[in-house]
Amino acid sequence: MSDRRIARRYARAAYQTATGQEQAVDVHRDFCFLRESLKESPELTRYVLDPQVLPEERQKAFEKLFKKRLSPLTLQFLYFFDRKGRLPFLPQIIEVFEKIYLDERKGLNVRISSALPLTKPEVDDICWRLSNKFQRDIIPQLNVDPGLTGGLVIQTDDYLIDLSVRGSLRRVKEQMLSK
Amino acid sequence: MTQKLKPSEISAILKEQIDAYESASGTAEIGKIVSVGDGIAHVYGLTSVMAGELVEFANGLQGLVLNLEEDNVGVAILGEDRQIKEGDLVKRTKAIAQVPVGEVLTGRILDALGNAIDGGAPVHGEEFRTIDIKAPGIIERTNVHEPLQTGIKVIDMLTPIGRGQRELIIGDRKTGKTSLAIDTIINQKGKDVYCFYVAIGQKRSTVAQLYESLKKHGAMEYTTIISATASESAPLQFLAPYAATAMAEYYRDSGRHALIIYDDLTKQAQAYRQMSLLLRRPPGREAYPGDIFYLHSRLLERAAKLRDDQGGGSLTALPIVETQAGDVTSYIPTNVISITDGQIFLETDLFYAGQRPAINPGLSVSRVGGDAQIKAMKQVAGTLRLDLAQFRELAAFAQFASDMDAASRHQLERGERLMRVIRQDVHEPLDVIKQIVIIFAGTNGYLDEIPLEKVKSYEGQLYAALDSTYLDFAQKLSVELILTDELKAELTNLLEKFTAAYKRAGKA
């Protein structure tokens, strides 16, 4: 079975359980925290993925690590994934969970890259325009990339809007070479 | 004197182009690469992508969407997959794969995407055509009725090929399949037939060699080579025949004639098998995917003879299939045999017995070619097939019998001479008039008294005489194209005189 399909099933089950207990917001926050932790600490990722670690051992370790930071329900999810041998799919499960969570709340994660840091009114303006386009509440993630030279690159899961000087130059080049 | 470019001119051109540049925001639908390897990428996202659409990878390389699955898209990478990484973005282009077509392609060597690979200038075709289009319908077609002369005696006599026909060339390795195809191309000189040679999974050195021999015979003036060699990725080898057919269809649809040679479809099927297995499509017989028949049938259906009100153009296809140890019952050969309008069988035994081209006249057939044969050829060839069949039967029998009656011996000798007559050197296609005369001589017994080893020299001198002494007759026949009683008498008379003179010269 493909990774995505597994991730989708577990994520959906987790989301339904969390909403049933009215804890979806907490679990989502916890999952975001877990995602960032996994990204920042390769050791943790290796530990999570390691098949040689027994579930009981890992449970103890998780308790020490996350008891204070994660809600009991999220911890329960982690133990459950581990017992089922699906912990290696945790990053995908988190990704799909977040997608379901945002879809339900009509939210949209948008990554906005710019050559220079954007000011608050600028970000608000971009978000307002994007929310009109996509009919969603925009959750911006800002990123500064001097390589763009100027302008913006806006990226969602399914779309890439390239308004940067770098992109324009590339298109001018392609158009000229095709003549 | 060389003209210098003025900087102001360049600026003016650039300014013009910049003015014409449309500032688009460049919104693109994207996906992310989940896995990549062996020329196939699995992409997550690209939710509204179409099957068969082109997508663009981060490094500018293109891909062809083949599988649309529940949560990912299978993409065949058209080129080297080394620079493509997991997590890279993939963009939709909303375009179907196209290649440039037009007269500018003649004399060039191109890759499966229509890019020049002969070191020459980039190709700018008159137009672009979708590479995988539906074949012409029933209404647009007419029956195959014009001959496409291959210049090879035994083919033009026994398995004639018509314009718009699909004739399979099948045989083991090293039996002269490619040589037959090349001879056919060489023979199209001055006949207004545009030729396309598609090399699939071959060695680069072979393609270079072939280019040289075509050039030497002046055939590159009307020929295009499309090459997807063994070192190219499987998707390119799979695409090459379709791309070349799109280029050839340009001529068919503009009322002209084209000939296309797929060398060979076994390799294309293998490339497609590789892709299909990597795309996790279920394997069937010999591990080929379920749609392997459709792969070849939809390609070969594009060969057609169009009706006069559709321009009357034609596209003739000569697919080549390689067999293993003469086994024509394996999967790909049986498939292609059933699709094509006949086949030319080449045999290793004949080849090593010195019978070249090593065509087996008994097993080779042409299902539509009879209509496309010129009348005179039909008159002469009618008895040839029968004579050869009787000879084969007798020859098999004669191996056991020590002595035989005069009639049988006579028939055996005639057969041996006929087998000699249908031998032909490579890259020496023969004019149709000369073919008629020599076969007429053979089947009517003029060669019976010529020693076997002299048949070749007799042939050579007869052709020379037809170009000089008997030029009148040759011209008359090429106008009439039918052996009227009068012409037949003239031919008989001519051959009697020539044979007598040849014998006298031999004795002297």
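Residues numbered from 1 in each chain as written. Chains lettered and ligands numbered in written order. Predicted model: local features only at pLDDT ≥ 70, side-chain atom pairs only at ≥ 80, totals over all residues.

Focus: the overall build of chain A
Helices and strands together make up the secondary structure of chain A, namely eight helices and four strands. Listed N to C, the secondary structure of chain A is α-α-α-α-α-α-β-α-β-β-β-α in terms of helices and strands. Here the C-alpha atoms of chain A give a radius of gyration of 20 Å, more than 25% beyond the 16 Å that 2.2 N^0.38 yields for 179 residues. Across its three principal directions, the C-alpha atoms of chain A cover 65 × 35 × 30 Å. Counting over 179 residues, chain A shows a buried share of 23%. Sequence separation of 24 or more characterises 69% of the internal contacts of chain A that already satisfy a separation of 6 or more. (Helix = DSSP H or I, 4+ residues; strand = E, 2+ residues; numbered from the N terminus. Rg over C-alpha atoms; globule rule 2.2 N^0.38 Å. Buried ≥ 20, exposed ≤ 12 C-beta atoms within 10 Å, placed from the backbone. Contact = placed C-beta atoms within 7 Å.)

A look at the domain arrangement of chain A
Annotation of chain A at the domain level lists domain 1 (3–103) and domain 2 (108–178). Taken over C-alpha atoms, the centre of domain 1 of chain A sits 31 Å from the centre of domain 2 of chain A. (Domains from an automatic or database assignment.)

Section: the sheet that holds strand β13 (residues 257–263) of chain B
Residues and elements named next belong to chain B. Taking strand neighbours across the sheet as the criterion, the eight strands line up as β8-β12-β11-β13-β14-β10-β15-β16 in an open arrangement whose pairing is mixed. Since the sheet does not close on itself, it has two edges, and those belong to β8 (109–110) and β16 (365–366), each with one partner. As paired strands, strand β11 (residues 193–200) and β13 are joined by seven bridges and run parallel to one another. Bridge pairing in β13 places Val193 opposite His257. Set on the sheet, helix α6 (residues 265–278) makes contact with β11, β13 and β14 (314–322); between it and β14 the angle comes to about 75°. Contacts from helix α8 (residues 331–339) reach β10 (168–171), β14 and β15 (342–346), with the element oriented near 160° to β14. (Pairing = 2+ DSSP bridges. Axes fitted to C-alpha atoms, helices over the stretch in contact; angles between N-to-C directions.)

Notes on the interface of chain B and chain A
Reports often express the size of an interface as the amount of accessible area lost when the parts come together. Chain B puts 16 residues into the contact, and the matching count from chain A is 17 residues. Mapped onto the side of chain B that touches chain A, the elements with two or more residues apiece are β1 (27–37), β2 (40–45) and β6 (89–96) of chain B. Looking at which element gives the most residues to the side of chain B that touches chain A, the answer is β1(B), with four residues. Looking at the side of chain B that touches chain A residue by residue, the classes come out as five nonpolar, eight polar and three charged. Relative to β1(B), strand β4 (residues 159–162) of chain A runs antiparallel, the two being bridged by three bridges. Paired with A:Leu160 across the two strands is B:Ala28, which belongs to β1(B). (Nonpolar A, V, L, I, M, F, W, Y, C, P; charged D, E, K, R; others polar.)

Notes on the pairing of β13(B)
Residue and element names in this part refer to chain B. Judged by how many residues are buried, β13 sits mostly within the fold: seven of seven residues are covered. Of the two faces of β13, both are covered, the one formed by His257, Leu259, Ile261 and Asp263 as well as the one formed by Ala258, Ile260 and Tyr262. The pairing of β13 with β14 spans seven bridges and is parallel. Counted as the bridge partner of His257 is Ser314 from β14.

Observations concerning the environment of B:Lys203
All names here are of chain B. Structurally, the position occupied by Lys203 is in the loop between β11 and α4 (204–216). A sequence separation of 26 residues divides Lys203 from Thr229, and the C-alpha atoms of the two residues are 5.9 Å apart. Residues contacting Lys203, with those up to four places away along its chain left out, are Thr229 and Ala230.

Section: the nonpolar core
Counting residues in hydrophobic clusters, the biggest one holds 140 residues, and the most contacted among them are B:Phe196, B:Val198, B:Ala240, B:Ala243, B:Met247, B:Ile260 and B:Ile436. When residues of this core are assigned to their parent elements, the largest contribution, 13 residues, is made by helix α5 (residues 234–253) of chain B. Setting aside residues up to four positions removed in sequence, B:Ile436 forms contacts with B:Ala376, B:Met377, B:Val380 and B:Leu477. Counting 21 residues, the second largest nonpolar core, distinct from the first, contains A:Tyr10, A:Ala18, A:Phe31 and A:Leu90. (Core = buried A, V, L, I, M, F, W, Y, C linked by C-beta atoms within 7 Å.)

Structural notes on helix α13 (residues 455–467) of chain B
Along its 13 residues, α13(B) runs 19 Å from first to last C-alpha, staying within 8% of the 18 Å computed at 1.5 Å per residue. Contacts made by the buried residues of α13(B) are with α11 (406–421), α12 (432–443), α14 (471–480) and α15 (485–507) of chain B. (Expected span 1.5 Å × (residues − 1).)

A word on the pairing of strand β2 (residues 137–144) of chain A
Residues and elements named next belong to chain A. Pairing between strand β1 (residues 107–114) and β2: eight bridges, direction parallel. By the bridge assignment, Gly107 is partnered in β2 with Asp137. After leaving β1, the chain enters helix α7 (residues 120–134) and then returns to the sheet as β2, a path that is right-handed. (Right-handed = clockwise from strand over helix to strand, strands pointing away.)

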